Amino acid sequence: GAEVRAMHPLLDPASIEQIVDAVLARIEGLGPLQPLMADADLTEIMVNGDGRVFVERGGRVEPSGLRLDGEVTAAVIERIVAPLGLRVDRSSPLVDARLPDGSRVNAVIPPLAVDGPCLTIRRFGVRRVPLEAFADPPVVELLRSLVEGKANIVVSGGTGTGKTTLLNALAGAIGS
């Protein structure tokens, strides 16, 4: 903050804080997407090839109001994959990764993404969902007995339907 104040002594404290936050987000986080990552209510962040950013909140997709140019999106993608030892370039234009917080990331760049780089971050809620939230008591009892009996269980479904949440609830039934 002192450096910003020295360079721009007439800036108000709120503006200085905003500049410092933006610089830190660019250096340490995901740049303009960092405030979205801080929002615990968001389950998915999607950057389309044209730069429009959409978010999923409570099962509904809505525009975030952000728009990133292709270079910024590419820089965010690089910021995600480089520390993981992965690469994304023209010869390998598709990457799937996992962030340290467990979020799943999918990125596609040109030439595969013809409209510009695309990025999807699928986040997982911190709150635990009990097995009882998924089914009626007889089904819950069946699932618990399958878990206790160490049975193989196949969980299948479309994107955003709750597969990982169900698996976490099943894992919570281990040893209960």
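The structure we're discussing is the one just above.
Quick notes on the rules
Every chain begins its residue count from 1, and numbering advances along the sequence as written. Side-chain atom pairs in this predicted model are given and counted only at pLDDT of 80 or more, local residue features only at pLDDT of at least 70, and totals for whole chains, interfaces and linings cover all residues. Think of the side-chain values as coming from all heavy atoms in the structure, minus any hydrogens and water. We count a salt bridge whenever a side-chain nitrogen from Lys or Arg sits within 4 Å of a carboxyl oxygen from Asp or Glu. Strands here are runs of E lasting at least two residues and helices are runs of H or I lasting at least four, both read from the DSSP assignment and numbered beginning at the N terminus. Think of it in three bands: with a 1.4 Å probe and only protein chains considered, a residue is buried below 20% of the maximum accessible area for its type, exposed above 50%, and partly exposed in between. Counting of polar contacts relies on pairs of N or O atoms within 3.5 Å, with two restrictions inside protein: one atom must be capable of donating a hydrogen and the other of accepting it, and residues adjacent in sequence are counted only when both atoms are side-chain atoms. The contact definition used throughout considers only heavy atoms, calling two residues in contact when any of these lie within 4.5 Å. When DSSP locates at least two bridges between a pair of strands, those strands are taken to pair. Only the stretch in contact is used when fitting a helix axis, every axis being a line fitted to C-alpha atoms; angles between N-to-C directions are given from 0 to 180 degrees. Directions pointing from the helix axis toward each C-beta atom define the arc.

*Asks:* Residues and numbers for the pattern of salt bridges, please.
*Replies:* Counted according to the given criterion, the structure contains eight salt bridges. Through salt bridges with shared partners, one network takes in Asp39, Arg57 and Glu62.

*Asks:* Can you lay out the side chain of Glu44 for me, pointing to particular residues and giving the numbers?
*Replies:* Positionally, Glu44 belongs in strand E1 (residues 42-47). Taking relative accessible area as the criterion, Glu44 reaches 10% and is therefore assigned buried. Within the structure, the side chain of Glu44 is placed 2.8 Å from the side chain of Arg122, a separation counted as a polar contact. Residues contacting Glu44, with those up to four places away along its chain left out, are Phe54, Val55, Glu56, Thr120, Ile121 and Arg122.

*Asks:* Provide a residue-level description of the sheet that holds strand E2 (residues 52-57), including the pertinent values.
*Replies:* Read from one edge to the other, the open sheet built from six strands follows the order E3-E2-E1-E6-E5-E4, with strand pairing classed as antiparallel. Strand pairing shows two members of the sheet lacking a second neighbour, strand E3 (60-67) and strand E4 (94-98), which therefore form its edges. Between one strand and the next, the sheet's axes are offset by a mean angle of 15 degrees, whatever the strand orientation. In this structure, E2 lies alongside E3, joined through five bridges in antiparallel fashion. In the strand pairing of E3, Arg57 is matched with Arg60. This element, helix H4 (residues 70-81), spans E1, E4, strand E5 (104-108) and strand E6 (118-122) of the sheet and lies at about 45 degrees to E6.

*Asks:* How would you summarise the pairing of E4 if you had to cite specific residues and measurements?
*Replies:* Residues Val95 and Ala97 point to one face of E4 and are all buried, whereas Leu94, Asp96 and Arg98, pointing to the other face, are not buried. Hairpin connection from E4 to E5: five residues lie between these consecutive antiparallel strands, with Gly102 at a positive phi of about 95 degrees.

*Asks:* Mind laying out the side chain of Thr73, listing which residues take part and the relevant values?
*Replies:* Here Thr73 shows up in helix H4. Not counting residues within four places of it along the chain, the set of residues in contact with Thr73 comprises Val47, Leu68 and Pro117.

*Asks:* Requested: an account of helix H6 (residues 163-172), with residues and values cited.
*Replies:* For H6, the full list of buried residues reads Leu166, Ala169 and Leu170. Here the buried residues of H6 occupy an arc of 100 degrees about the axis, which is enough to place them on one side. Packing partners of the buried residues in H6 comprise helix H5 (137-148).

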